[in-house]
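# Residue-level structural notes
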Amino acid sequence: MSVYAGKRDGAILKPCEEGQRHRRTIRRGDPLNILHIANHVKQSGNGIVNVMVDLACEQAILGHRVAVASQGGEYLELLKQHHIDHYKLDQTRKPMQMLQAFFDFRSIVKRFQPDIIHAHMMTGALLSRYLKGLSKYKIVTHVHNEFQKSADYMKVGDTVIAVSHAVAQSMAKRGVHEEKLRVVLNGTIGSRRNTGIEEVQLKGRSIVTVAGLNERKGIADLIMAFSIVSEQCPDSELYIVGDGPERERFKEMASQSAHSHKIHFEGFQTDPRRYMCSCDVFVLASHKDPFPLVLLEARESGCAIIATEVDGIPEALDFGRSGMLVPPKAPEKLAAAMLNMLCDQKLRQEYKHSAQQGLDFYKVERVAKETLRIYEEILIS
């Protein structure tokens, strides 16, 4: 597959420079060589990895030749099932590892000959740009976590995909030319990562959150809000599903609550949907969140959802039609919303119903097709 050399549109192609291949004329609908790059493919609840794996699998199903370059992980077997090549690429930011990564990257490009390199994280984006040399592949960078300073480097892409309109607006303010920006809203419906769901038995009127245990996810706000809820709703129980660097701090905070026996830290779950399917209310109390996949999973599970009105969360909840929106960093208002949802069965059922409306839009297939149109746009232009 292809590197442009000479004229296009049916004209005779001149030989490429030494060490490169001729590039075919790509037409709309032609199969492409697509190389995705991320740090790893671990089954760790990392939203970036999950999006990439979903996208790679769906593109392979749609008839494209797809490969992933990463350090490896549990999703290797799923990639293999979908005939997706995997190339080992250790992008650890240490001198010796990075030196090796330079050689490995060039070897991967030579062997796979990508038309598109789709970089999901900063290091892959920079390797793709600064080691491009005479290669004619196009670079697509994907901004999943705009709040990170490293997102500034994603502007090196020929096209920059944002996971929400909120992220696109932020990236434009950070210097990415608007003509390079494209928005592709996340989708998880029909993910090849998913298997059958085995529900878990939860106690009382159950509140569930699924989140990384860090300050950004508002776990402290949720624990404070639950203390208020538990006073007025004694049979309520809070289940915190996930792991992260501040787990011990949040456990210590919970232990100091008079209702600590009703706060359950469930740890990382490979398929948290079993908690979602069993809960009365699902809560996401984030301070920042570009477009959380977990809200789509909660919607598919038929949850009554409460989430903070920040970044891409309103877009994931159809601006309040598919879940109740509350201000961030406001435990009292979060508690009021939780009590309202727990104590009003009619309201809870209305939100459960509305959560499942319009989910066809959030299929992985739609994400893959929109992304493929972006590839064609930059290859055929």
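The structure reproduced in this document is the subject of the present report. (Residues numbered from 1 in each chain as written. Predicted model: local features only at pLDDT ≥ 70, side-chain atom pairs only at ≥ 80, totals over all residues. Heavy atoms only, no water.)

Our focus in this paragraph is the overall build of the protein. If you tally the helices and strands in the protein, you get 13 helices and 13 strands. Over its C-alpha trace the protein gives a radius of gyration of 22 Å, about what one expects of a compact globule, namely 21 Å for 381 residues. Principal-axis analysis of the C-alpha atoms gives the protein an extent of 75 × 45 × 40 Å. Counting only residues that meet the buried cut, the protein has 56% of its 381 residues in that class. Taking as baseline every contact in the protein between residues at least 6 positions apart, the subset at least 24 positions apart corresponds to 64%. As displayed, the protein has an accessible area near 16,800 Å², and 49% of this comes from carbon and sulfur atoms. (Helix = DSSP H or I, 4+ residues; strand = E, 2+ residues; numbered from the N terminus. Rg over C-alpha atoms; globule rule 2.2 N^0.38 Å. Buried < 20%, exposed > 50% of the residue type's maximum accessible area, 1.4 Å probe, protein only. Contact = heavy atoms within 4.5 Å. Areas by Shrake-Rupley, 256 points an atom, 1.4 Å probe, with all protein chains shown as cover.)

So, about the sheet that holds strand β10 (residues 263-267). With parallel pairing, six strands are arranged side by side in an open sheet as β10-β9-β8-β11-β12-β13. Each edge of the open sheet is held by one strand with a lone partner, namely β10 and β13 (324-326). Averaged over all neighbouring strand pairs, the angle between strand axes comes to 25°, with direction disregarded. Two strands pair when backbone bridges link them, and strand β9 (residues 236-241) and β10 are joined in this way by four bridges, in the parallel orientation. Considered in β10, the bridge of Ile240 is made with Phe265. Along the sheet face, helix α6 (residues 219-232) touches β8 (205-210), β9, β10 and β11 (281-284) and points at about 170° away from the line of β9. (Pairing = 2+ DSSP bridges. Axes fitted to C-alpha atoms, helices over the stretch in contact; angles between N-to-C directions.)

Taken residue by residue, helix α4 (residues 122-130) has Met122, Thr123, Gly124, Ala125, Leu127 and Ser128 as its buried positions. Where α4 is buried, its residues contact β1 (33-37), α3 (95-112), β4 (116-119) and β5 (138-143).

This brings us to empty space enclosed by the protein. This model, assessed by the stated rule, comprises two cavities of 30 Å³ or more. The space that makes up the largest cavity amounts to roughly 50 Å³. Going through the elements one at a time, α1 (47-61) and α13 (364-380) are the ones with two or more residues in the lining of the largest cavity. For the lining of the largest cavity, the element with the most residues is α1, which contributes three residues. Its residues assigned to classes, the lining of the largest cavity comprises four nonpolar, two polar and one charged. The space that makes up the second largest cavity amounts to roughly 40 Å³. If you go around the second largest cavity, the residues you meet are Asp221, Ala285, Thr308, Val326, Pro327, Pro328, Lys329, Ala330 and Leu334. (1 Å grid on protein atoms, 1.4 Å probe; cavity = no way out; pocket = protein on both sides within 12 Å on 5 of 7 lines; lining within 4 Å. Points joined across faces, edges and corners; volume = space filled by probe spheres on them. Nonpolar A, V, L, I, M, F, W, Y, C, P; charged D, E, K, R; others polar.)

Neither face of β4 is exposed, since Ile116 and His118 on one face and Ile117 and Ala119 on the opposite face are all buried. Here four bridges tie β4 to β5, and the two strands are oriented parallel to one another. Residue pairing across strands places Ile117 opposite Ile139, the latter belonging to β5. Between the parallel pair β4 and β5, the chain is carried across by α4, and the sense of this crossover is right-handed. (Right-handed = clockwise from strand over helix to strand, strands pointing away.)

Right, let's talk about the nonpolar core for a bit. Judged by nonpolar contacts, the single largest core of 75 residues is most densely connected at Val208, Phe282, Leu295, Ile305, Ile306, Leu334 and Met338. Excluding residues within four positions of it along the chain, Leu334 makes contact with Asp221, Leu222, Ala225, Val283, Ala285, Ile306 and Val326. Of all hydrophobic cores here, the second largest spans 17 residues; its members include Tyr87, Phe105, Ile117 and Leu131. (Core = buried A, V, L, I, M, F, W, Y, C linked by side-chain atoms within 4.5 Å.)

Remark: the centre distance and the inter-plane angle together describe each pair of aromatic rings, the angle taken between the planes. Tallied over the full model, the rule gives three aromatic pairs. Summarising the aromatic geometry, the rings of Tyr87 and Phe112 are spaced 6.2 Å apart at their centres and angled 70° between planes, so their arrangement reads as edge-to-face. Here Tyr87, found in strand β3 (residues 85-88), pairs with Phe112, found in helix α3; they are 25 residues apart in sequence, far enough to count as distant. The buried category is assigned to Phe112, whose relative accessible area is 0%. Here the aromatic rings of Phe361 and Tyr362 are separated by 5.1 Å at their centres, their planes lie at 90°, and the arrangement is edge-to-face. Its relative accessible area of 4% is what places Tyr362 among the buried residues. Here the aromatic cluster, defined as three or more aromatic residues joined through ring pairs, consists of Phe291, Phe361 and Tyr362. The ring of Tyr137 is capped by Lys132, whose NZ or CZ atom sits 5.3 Å from the centre of that ring. Looking at Arg366, its charged tip hangs above the ring of Phe361, at a distance of 4.0 Å from the centre. (Phe/Tyr/Trp six-rings, centres within 6.5 Å; stacked < 30°, edge-to-face > 60°. Lys NZ or Arg CZ within 6 Å of the ring centre and 35° of its normal.)

Residues other than glycine predominantly adopt negative phi, and peptide bonds predominantly adopt the trans conformation. In the Ramachandran plot, Phe319 falls in the positive-phi region, its phi being about 55° despite a non-glycine side chain. For Phe319, the position within the fold is in the loop between α10 (313-316) and β13. The exposed category is assigned to Phe319, whose relative accessible area is 57%. One non-glycine residue with positive phi stands out, namely Lys329, at about 55°. Checked against the element boundaries, Lys329 lands in the loop between β13 and α11 (331-343). Under the relative-accessibility criterion, Lys329 is labelled exposed at 59%.

Looking now at the sheet that holds β5. Neighbouring strands of a sheet are bound in pairs by backbone hydrogen bonds; such pairs are parallel or else antiparallel. One open sheet accounts for seven strands, arranged β3-β2-β1-β4-β5-β6-β7; its pairing is parallel. Strand pairing shows two members of the sheet lacking a second neighbour, β3 and β7 (181-183), which therefore form its edges. With strand direction ignored, the average angle separating the axes of adjacent strands in the sheet is 25°. Sheet analysis places β1 next to strand β2 (residues 65-70), joined by five bridges and oriented parallel. Its bridge partner lying in β2, Ile37 is registered against Ala69. Sheet strands touched by α1: β1, β2, β4 and β5. Its angle to β1, the strand with the most contacts, is close to 165°.

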